[in-house]
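Structural features, examined
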Amino acid sequence: MKVNGTYDIPANAITTYELLTDPDVLVRTMPGLKSLKSIGDNHYEAELEVGISVVKGRYKGTVKLEDEIAGEQFRLVMNGQGPLGFVEMNMFVQLEQTSDQQTKVHCEGEASVGGVVAGIGQRMMSGVASMLMGQFFTAMRKEASKAKNAS
Amino acid sequence: MTSVTESKWVGRSIRRREDPRLLVGAGKYIADYSIPGMAYLHVVRSTHGHARILNIDISKAEDYPGVVAVITGQEVADAMKPMLVSSIIPNLGGELQIPTVYPLAIDKVQWVGDPIVAIIAESKYIAEDAAQLVEIEYEKLPVLTDPEEAMKPDAPKIYDNWKDNMLWKGQLASGDVDKAFKEADYVLSERFYGHRTGAAPMETRGAVASYDEFTGLTIHVNTQRPHILRMAISQIMSMPYDKVRVIAPKDVGGAFGTKAPIYREELLISYIAMKLRRPVKWVENRMESLMTIGQERDQIHYLELAVTKEGKIIGLRDRLIADSGDGRIGVYLGFVMPWLGAAYLSNAYDIPNVQIDVSCVVTNKPSLTPSRAFGEFPGRFAMDYAMHLVARELKLDPRDVFEKNIIKQFPHVTATGITHDSGDYEGAFRTLIEALDYDRVRQEQAEARKNGRLIGVGFAMGAEMSGLGSQIFVPMENQPGYGAATVKIDTHGMIQVFEGDSPQGQGHETTLSQVVADELGVTMDDIYISYGDTFVTPFASGTLGNRGASYTFSAAVLACRKLRPKIQQIAAHLLGVESDGNDFTFANKEIVWKKDPSKKIALRDIADAAILGPTKLPRGMEAGLEATAYFEADIAGMLSIGVHGAVVEVNPDTGDFKILRYVVVDDCGVPINPMIVRGQVHGGVVMGMGNARFEKYAFDEAGQPLSTTLMEYHMPSAADVPDIEVIEYNVPTPYTPLGSKGKGEGIPGPVPATLASAITDALNIPGFKILNLPITPESIWRSINEAKVPT
């Protein structure tokens, strides 16, 4: 399943990059992400809960950041396994600063879901994925505003 | 229901004897079986399409309260042979690579749903909860979901020790095909695809197994072939044959072929019962069922027809590529269906020169399992629709193209070796054309067109197997084709019939009673039918492939005919008359001397003498009244014809279509119970419509099944199907004692070509063609738009 989108964050590219790669911020903003524990350089152990209506999958796995260039780009690689199946995502994120306080975030990636959640929810999956992305960036925009107000 | 009468029972639409108990909810299905002290099995299945298993942590599941045992693959494998023992491997020539398979995956999974861990618990709910505590670590491997990709030389291999992904490769050929194509006036060449679909029986698979060291293993399982399963379990688990008893329940909620293979779960539950010395029950849930069984069809045909300008097909060439899935089921291995589909490809047509190259390829999907219209559904679509395309290209009436090619003389052996025993295919076809009022539909079509309405007419045929004789069945499945039955008159003059097959809704208690009632001059109420228990029924291959009315019932007739001379000898002795053992009539539960009808005796009195009072028997006569017979037809195979026709109206803007009429002309030799035959035809057509239009076992590119609920796997309901008109056109076969043939198996086959040809006729757009199943409004709309683009 392709996961693509472009989102605006009201902050410059460096701040946006920091927000998007800060584990504490990610736990607050990413729907379903329960915890992130560092286990190495840009490598985290994660607990996730993702699902569609009554079918919720709990997953344990890892989140890795790769190909990162501060303020410009990074790749987010997530893997999760749980009793009802697995989730995987590999997303390339590019930042394009359009003004002092505005950055466009281009996301392009592949996600796959396997097991019961896939079997039951496949028809809704891509809709749900873009909804989750939308929720994530809405939360991120709030974080950006908070960061601006704090500074 | 019945009254004492001399009228024949065969040929009457008697209401089914099975139905009262089913209608009041008193049927006994596998889920209704329980044994005191029984534990429950739940299977943990792969969530990956193709992966190595790096680690399995069962500790949390083992500690869960109520869990009896948690079992992994190696343990089960150590207790038995690899499952595909030679007796359940087909022997069809060609090149076969045999996968090694045990009940549970050991180090690798091949499809989403591949069984990995068995959880046995005090209740089904505990077992399912504990299953969520099993942690399996996988390393993903490349997933193959497209057979044409999997065939490429550089494709990753699904079985490490194979030379490629080719499960089976072979050729069916006869005649001079190259010459036919050289001499042809026209060659049609198209790629047809029939998607993965098939059956989804209301009752899923299930079993209850128990074991003790004195009597061995007893397994109740809703299989179509209890005797073959017994043999397989005995051989795979190296258990003495007398210590394995397979019992199929009296009531099975449909199978359609899906309960015919030897499955891994059947061996698994047998092992668990033996290990735990405790009865164990397993009933597959709907999601497991939709991701494991009922998946058939899935064939690509690169079909070429060499045709004369008059529309006579002189040559057929086909490259058939089947997506066999993992191929790991006993008896069929995922390739017997496409093989038989190839053998039946030329259908009801006389085509002298044929070459079919069959490639059955493994992919990361569940194995193909048999499904009604065994292996032939995509081929029937390709062949019969291609004949309509030929007619269009040559500007001939498709009716004439069909008539020109239909087999006219019997017996007829096709180029692929299939024997057509008897019948009147041409007559059946003409009857359909008349019933459709073909010429008038053509006029109406022209009228409607003026008003902007697009009406079309289409048709297709199906020459369907009617049981397979041993000549085909022994090489195909290593099993006898004969029918087997025992007829036993009891102490009270009632008749117990044992059959070696095991029905799943076909109504044998009714129809077999009708047959025996006629043979012995009794009523159906005097007869009771036993099946399913391998310790009491004669050996036979199972209820499948339209065997009932052709083979099994014929065996019951022969068994009755073995008994009749002895009954007459006893009657003569008791009546004190001279007899040659063949001068009595059997009627009204009495044996009546033809020379003087006042001399008669009740069958019950004869039974009483033969069983309870043997001193009354003629001197030296053996006591008892029972006989077993095995029926083998004196011909390699029997087939029966069904001709389907439809009138449809298509909306070219949306691609949607409406079926205005659907007509079936059907031959089953002699219908034993015409109501049941009609029911089979109705059910078969509905299944064909479901398969052709709605049902699809879909997968994403990672091999994840996308149709694991009945919302996704849409089977037709009453609202989705039109009225189905059935016209009987029966030609008794000379090869069975009653002239009867089986009916049920092949009926879905002609549906897709019937609909596709009617839609194509309605649209009347040059270049428009339907090459892929399912036929949906979207696929029609797309084809319309492709055809409109000038090339």
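Per-chain numbering applies: the sequence of each chain, read as written, is numbered from 1 onward. Labels are handed out in written order, letters beginning with A for the chains and numbers beginning with 1 for the ligands. Reporting in this predicted model follows two pLDDT cut-offs: at least 70 for local features of residues, and 80 or more for side-chain atom pairs to be given and counted; totals over whole chains, interfaces and linings ignore these cut-offs and use all residues. Just so you know, side-chain values use all the structure's heavy atoms and leave hydrogens and water out.

A few points about the confidence of the model for chain A
- pLDDT is a per-residue confidence score from the predictor, ranging from 0 to 100. Counting all residues, the mean pLDDT for chain A is 87, and 94% of those residues have values of 70 or more.
- Every helix listed is a DSSP run of H or I at least four residues long, and every strand listed is a run of E at least two residues long, numbered separately from the N terminus. The weakest mean pLDDT in chain A belongs to helix H3 (residues 116-150) of chain A at 81; the strongest belongs to helix H1 (residues 13-20) of chain A at 93.

Points about the UniProt feature "domain: Aldehyde oxidase/xanthine dehydrogenase a/b hammerhead" (unreviewed entry) in chain B
- UniProt positions are given in the numbering used here, feature names are shortened, and annotations may be inferred rather than shown by experiment. As annotated by UniProt and renumbered to match this structure, "domain: Aldehyde oxidase/xanthine dehydrogenase a/b hammerhead" (unreviewed entry) occupies residues 24-142 of chain B.
- The span residues 24-142 of chain B is 16% helix and 31% strand, and its two end C-alpha atoms sit 51 Å from each other.

Quick look at the packing of aromatic side chains
Residue and element names in this part refer to chain B.
- Here is the rule: rings of Phe, Tyr and Trp (six-membered ring for Trp) pair when centre to centre is within 6.5 Å. Planes less than 30 degrees apart are stacked, more than 60 are edge-to-face, and the remainder are tilted. Summed over the entire model, instances satisfying the criterion amount to 18 aromatic pairs over all chains.
- Taking 5.9 Å as the distance between ring centres and 55° as the angle between the ring planes, the aromatic pair formed by Tyr-551 and Phe-631 counts as tilted. Highlighted residues: Tyr-551 in helix H17 (residues 548-575) and Phe-631 in strand S26 (residues 626-631), separated in sequence by 80 residues.
- Relative accessibility thresholds used throughout: buried, under 20% of the residue-type maximum; exposed, over 50%; partly exposed, between the two (1.4 Å probe, protein chains only). Using a relative accessible area of 0% as the deciding quantity, one classes Tyr-551 as buried.
- On the basis of relative accessibility, which here comes to 7%, the residue Phe-631 falls in the buried class.
- With a centroid separation of 4.1 Å and an interplanar angle of 20°, the aromatic rings of Tyr-697 and Tyr-713 are classed as stacked. With Tyr-697 in the loop between helix H19 (674-694) and strand S29 (725-728) and Tyr-713 in the loop between H19 and S29, the pair connects residues that are 16 residues apart, well separated along the chain.
- Following the ring pairs from residue to residue traces out a cluster consisting of Tyr-349, Phe-402, Phe-429, Tyr-438 and Phe-459.

So, the sheet that holds S26(B)
Residues and elements named next belong to chain B.
- Paired strands, in this sense, are two strands between which DSSP finds at least two bridges. Taken together, four strands build an open sheet; the order of strands is S22-S21-S20-S26 and the sheet is mixed. Lying at the two open borders of the sheet, with one neighbouring strand each, are strand S22 (527-531) and S26. Averaged over all pairs of adjacent strands, the angle between their axes in this sheet comes to 20°, without regard to strand direction.
- One ladder, built from five bridges, connects strand S20 (residues 483-489) with strand S21 (residues 495-499); its direction is antiparallel. Bridging across to S21, Ile-489 finds its partner in Ile-495.
- Where helix H16 (residues 508-520) meets the sheet, it contacts S20, S21 and S22, and its direction lies at approximately 130° from that of S22.
- Lying on the sheet, H17 is in contact with S20, S21 and S26; it crosses S26 at an angle near 140°. To obtain an axis, a line is fitted to C-alpha atoms, over the contacting stretch when the element is a helix, and the angle between two such axes runs from 0 to 180 degrees between their N-to-C directions. Working rule for contacts: check all heavy atoms of both residues, and any pair within 4.5 Å makes them a contact.

Quick notes on empty space enclosed by the protein
All names here are of chain A.
- Both cavities and pockets are sets of points on a 1 Å grid over the protein atoms alone; in a cavity a 1.4 Å probe fits but cannot get out, in a pocket the set is open with protein on both sides within 12 Å along at least five of seven lines, and lining residues sit with an atom within 4 Å of a point. Grid points are joined across faces, edges and corners, and a volume is the space filled by probe spheres set on the points. Counted under the stated rule, the structure contains five cavities of 30 Å³ or more.
- Roughly 540 Å³ of internal volume is contained in the largest cavity.
- Lining the largest cavity we find 32 residues, and of these Met-30, Met-78, Met-89, Leu-132 and Met-133 sit closest to its centre.
- Broken down by secondary-structure element, the contributors of at least two residues to the lining of the largest cavity are strand S3 (43-52), strand S5 (73-82), strand S6 (85-99), strand S7 (102-115) and H3.

Structural notes on the packing of helix H10 (residues 336-343) of chain B against helix H15 (residues 470-477) of chain B
Residues and elements named next belong to chain B.
- Running from N to C, H10 and H15 point in directions that differ by 145°, and their axes come no closer than 11 Å. Of the two possible hands of crossing, H10 and H15 adopt the one that is right-handed. Residue-level contacts link Val-336, Trp-339 and Leu-340 of H10 to Ile-472, Met-476 and Glu-477 of H15.
- Each residue gets one of three labels, nonpolar for Ala, Val, Leu, Ile, Met, Phe, Trp, Tyr, Cys and Pro, charged for Asp, Glu, Lys and Arg, and polar for the others, Gly among them. Partitioning the contact of H10 with H15 into residue classes produces five nonpolar, no polar and one charged. Helix crossings are classified by the rotation of the near helix relative to the far one: an anticlockwise turn of less than a right angle makes the crossing left-handed, while a clockwise turn makes it right-handed.

Overview of the sheet that holds strand S25 (residues 600-602) of chain B
Residue and element names in this part refer to chain B.
- Pairing is antiparallel in the open sheet, where three strands are placed in the order S23-S24-S25. Each of the sheet's edge strands pairs with one partner strand only, and the pair in question is strand S23 (584-587) and S25. The sheet shows a mean angle of 20° between the axes of neighbouring strands, taken without regard to direction.
- Relative to strand S24 (residues 590-593), S23 runs antiparallel, the two being bridged by four bridges. If you follow Thr-585 over to S24, its bridge partner there is Val-592.
- Packing of helix H18 (residues 603-612) onto the sheet brings it into contact with S24 and S25, and relative to S25 it is tilted by some 70°.

Some words on the environment of Asp400(B)
- Tracing the sequence through the fold places Asp400(B) in helix H12 (residues 398-405).
- Separated by 90 residues in sequence, Asp400(B) and Glu310(B) place their C-alpha atoms 8.9 Å apart.

Here we look at the interface of chain A and chain B
- Across the boundary between the two partners, chain A contributes 18 residues, which contact 17 residues of chain B.
- Here the buried area means the combined drop in accessible surface, using a 1.4 Å probe, for two parts upon being joined, counting both sides. Summed over both partners, the interface of chain A with chain B buries about 1300 Å², with 50% contributed by carbon and sulfur atoms.
- Salt-bridge detection follows one rule: a side-chain nitrogen of Lys or Arg within 4 Å of a carboxyl oxygen of Asp or Glu. At the surface where chain A touches chain B, the tally comes to one salt bridge.
- Of the charged contacts, one joins Glu88(A) and Lys140(B) as a salt bridge, the two residues approaching to 2.5 Å between their closest N and O atoms.
- Where the side of chain A that touches chain B is concerned, the elements lending two or more residues are S6, S7 and H3 of chain A.
- If one sorts the elements of the side of chain A that touches chain B by residue count, H3(A) sits on top with six residues.
- Each residue belonging to the side of chain A that touches chain B can be placed in one class, and the counts come to eight nonpolar, seven polar and three charged.

Side note on the packing of helix H11 (residues 377-393) of chain B against H12(B)
Residue and element names in this part refer to chain B.
- Two elements in contact, H11 and H12, have axes separated by 8 Å at closest approach and are oriented at 120°. When the axes of H11 and H12 are compared, the pair comes out oblique. Regarding H11 and H12, the two cross each other, and that crossing is right-handed. Taken together, the residues of H12 that come into contact with H11 (itself represented by Asp-384, Met-387, His-388 and Ala-391) are Pro-398, Val-401, Phe-402 and Asn-405. Roughly parallel covers angles under 35 degrees, roughly antiparallel covers those over 145, roughly perpendicular covers 65 to 115, and oblique covers all other angles.

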